[in-house]
Amino acid sequence: MQYLINDRVLIRGIIQAFGLTTKLLILSEFSVTNTDDKIEITDAPAAAEASEYSYAPTDADVPGERDAGGGAAGVKKVKLRLDVKDVVRKKRDEPDADDGAPIILYEDNHLLVAVKPQNMPTQADSSGDLDFLSQLKQYLVKKYNKPGEAYLGLVHRLDRPTGGVMVFAKTSKAAARLCEQIKDKDGEFEKTYLAVVSGRPNKSGKVEHYLAKDAQTNTVTVVPASMEGAKLAQSEITPISEQRGLHLVTVKLITGRPHQARVQLKTLGAPIVGDARYATKGKQVKSAHLALWAYRLTFAHPVTGDKLIFVAAPPEEFPWTLFNTDGLIDFVRPVGNN
């Protein structure tokens, strides 16, 4: 069986979540061939199933030098433990005993990476609804049988309608270091969203606007830079594909203003599908959920310094099902027969 990584570097810790999945694979030994456009990995023993998500980095995780005994040019023997979720999707009508439980992508003594559901607040608000931070704290209390409340540091947020990958800190030290990465515009902390929009944005690449938030109406508008309270919002927008007048785009946030992606895309003439708040009547396309998904999160581990990349696919529902979103992920599996 082959597994392809569409990059020139095998990055330890890359984990992909495909929403509702059924099993986890542990791959223990690989033969790695580095070509110009991809890295091919062939697992030597059959992959074994595991019961829960885990990642146990060791010194053997890092691809070593080519075997001194020789071998084909460009081929390295690597012993690597890398836990990733299988891409087999659960049928929508299939019952699941874990429905309602948080989807955990990665956990160690310092970090917790999970997928926030859509329409759940990141932290407690006036609605009184269960929030994601509290849900994850409950998960930690239950898993580790902790007395009282577990510590979990909130270092970034997703708007309530938006789902996708988030990282939380399990120690104050990790929280402080992650916050430093976020504040550094040239740092390693990167959030990238997928969005389906009505119409093609009239500008792509780096876009800049000044935004102001009305706290009473909880809405954000584009304002002149000279206006009091105006804050610079910067994003990188890349159109990917088009289907039936709808466009799939990626939005990489450089700054993190409230409703930033939604307001910037609307200003560029391409409001997000399902965005009843910001879409104009002539451009509004209805859907069950806001078609904005935090699909990729990259940062440096606050203790080891390793670069970590986490990718979660959007839900299997309109309008996402119009597009091949699997083609945007870094880790594609499987190729060949099981």
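Residues numbered from 1 in each chain as written. Predicted model: local features only at pLDDT ≥ 70, side-chain atom pairs only at ≥ 80, totals over all residues. Heavy atoms only, no water.

Let's talk about the overall build of the protein chain
In plain terms, the rule: Helix and strand labels come from DSSP, where a helix needs a run of H or I of at least four residues and a strand needs a run of E of at least two; each type is numbered from the N terminus. Classification of residues uses two cut-offs on accessible area relative to the type maximum, computed with a 1.4 Å probe and protein chains only: under 20% is buried, over 50% is exposed, and between them is partly exposed. It only takes one pair of heavy atoms within 4.5 Å for two residues to be counted as in contact. For the accessible areas, the method is Shrake-Rupley and the probe is 1.4 Å, while residue cover comes only from the protein chains on display.
If you tally the helices and strands in the protein chain, you get 3 helices and 18 strands. Evaluated residue by residue, the protein chain yields a buried proportion of 44% over its 338 residues. Across the protein chain, the fraction of contacts at a sequence separation of at least 24, relative to all contacts at a separation of at least 6, is 68%. Summed over all atoms, the accessible surface of the protein chain reaches about 17,100 Å², with 48% contributed by carbon and sulfur.

Things to note about the side chain of Gln-118
Quick reminder of the rule: Counting of polar contacts relies on pairs of N or O atoms within 3.5 Å, with two restrictions inside protein: one atom must be capable of donating a hydrogen and the other of accepting it, and residues adjacent in sequence are counted only when both atoms are side-chain atoms.
Secondary-structure assignment places Gln-118 in the loop between β8 (111-116) and α1 (132-144). Taking relative accessible area as the criterion, Gln-118 reaches 15% and is therefore assigned buried. At a separation of 2.9 Å, a polar atom in the side chain of Gln-118 contacts the main-chain carbonyl oxygen of Leu-290. Aside from chain neighbours lying at most four places away, what touches Gln-118 is Arg-160, Pro-161, Thr-162, Gly-163, His-289, Leu-290, Leu-292, Trp-293, Pro-315 and Glu-317.

Here we look at the nonpolar core
Applied cut-off: The nonpolar core is taken to be a set of buried Ala, Val, Leu, Ile, Met, Phe, Trp, Tyr and Cys residues, with the residues joined through side-chain atoms within 4.5 Å.
If you look at the biggest cluster of nonpolar residues, it comprises 61 residues, and the most contacted ones within it are Val-167 and Phe-299. Excluding its chain neighbours within four sequence positions, the residues that come into contact with Phe-299 are Leu-111, Val-113, Val-167, Leu-178, Gln-181, Glu-188, Phe-189, Asp-306, Lys-307, Leu-308 and Phe-310. Leu-211, Val-220, Ala-233 and Tyr-278 belong to the second-largest nonpolar core, a separate cluster that totals 5 residues.

Regarding the confidence of the model for the protein chain
This is how it is decided: Confidence scores labelled pLDDT are given residue by residue by the predictor and lie between 0 and 100.
Per-residue confidence for the protein chain gives a mean pLDDT of 75, with 68% of residues at or over 70. Low pLDDT (under 50) marks residues 1-97, which in the prediction has 209 contacts with non-local residues, meaning those over four places away or in another chain. Low confidence marks residues 331-338, where pLDDT is under 50. Its contacts with residues over four positions away, or in another chain, come to 25 contacts.

Topic: the pairing of strand β13 (residues 219-222)
Spelled out, the test is: At least two DSSP bridges between two strands are required for those strands to pair.
The pairing of strand β12 (residues 205-214) with β13 spans 4 bridges and is antiparallel. Residue pairing in the sheet places Lys-213 in a bridge with Val-220 of β13. Linking β12 back to β13 in an antiparallel pair, the connection comprises 4 residues, with Asn-218 at a positive phi of about 55°.

Considering the environment of Phe-132
Here Phe-132 shows up in helix α1. Given the relative accessible area of 0%, Phe-132 is considered buried. Ignoring any residue separated from it by four or fewer positions in sequence, one finds Phe-132 in contact with Pro-102, Ala-114, Val-115, Lys-116, Pro-117, Met-120, Pro-121, Thr-122, Met-166 and Phe-168.

Brief notes about the pattern of salt bridges
Opposite charge on two side chains makes pairing possible when the charged atoms of those side chains draw close. Rules: For salt bridges, the criterion is a side-chain nitrogen of Lys or Arg within 4 Å of an Asp or Glu carboxyl oxygen.
Across all of its chains, the model carries 8 salt bridges by this definition. One salt bridge connects Arg-160 with Asp-125, and the closest N-O pair in it is separated by 3.7 Å. Remark: Asp-125 occurs in the loop between β8 and α1 and Arg-160 occurs in the loop between β9 (153-154) and β10 (163-169); sequence separation between them is 35 residues. Each of Glu-107, Lys-143 and Lys-170 takes part in one network of salt bridges that share partners.

Description of unusual backbone geometry
As a rule of thumb, non-glycine residues mostly have phi less than zero, and peptide bonds are mostly trans rather than cis. Looking along the chain, the bond that leaves Phe-318 and enters Pro-319 is cis, with omega of 5°. Relative to the helices and strands, Pro-319 is located in the loop between β17 (307-312) and β18 (331-335). Phi at Asn-218 is positive, roughly 55°, even though this residue is not glycine. Within the secondary structure, Asn-218 is located in the loop between β12 and β13.

A few points about helix α2 (residues 172-183)
Because an α-helix packs 3.6 residues into every turn, residues spaced three or four apart end up facing the same way. Under the convention used in this document: Each residue after the first adds 1.5 Å to the expected span of a helix. Throughout, the arc means that of the directions going from the helix axis to the C-beta atoms.
Its 12 residues give α2 an end-to-end C-alpha distance of 17 Å, which sits within 8% of 16 Å, the value for a rise of 1.5 Å per residue. Taken residue by residue, α2 has Ala-174, Ala-175, Leu-178 and Gln-181 as its buried positions. Along the long axis of α2, the arc covered by the buried residues comes to 120°, so they all point the same way. Facing away from the buried surface of α2 by more than 90 degrees, the exposed residues are Ser-172, Glu-180 and Lys-183. Summarising the contacts, the buried residues of α2 are in contact with β8, β10 and β16 (292-300).

Focus on helix α3 (residues 260-267)
With 6 of 8 residues buried, α3 lies mostly within the body of the structure. Among all positions of α3, only Gln-260, Ala-261, Arg-262, Val-263, Gln-264 and Leu-265 are buried. Against β11 (190-198), β12, β13, β14 (231-243), β15 (246-253) and β16 lie the buried residues of α3.

Remarks on the packing of aromatic side chains
The following threshold applies: Any two of the Phe, Tyr and Trp rings considered here, Trp counted by its six-membered ring, make a pair once their centres fall within 6.5 Å; the pair's planes then place it as stacked at under 30 degrees, edge-to-face at over 60, or tilted in between.
By the definition in use, this model includes 4 aromatic pairs. Seen from their ring centres, Tyr-106 and Phe-310 are 5.7 Å apart, and the 45° between their planes marks the pair as tilted. Of this pair, Tyr-106 sits in strand β7 (residues 103-107) while Phe-310 sits in strand β17, placing them 204 residues apart in sequence. With relative accessibility at 6%, the residue Tyr-106 sits in the buried group. Residue Phe-310 is classed as buried on the basis of its relative accessible area, which comes to 0%.

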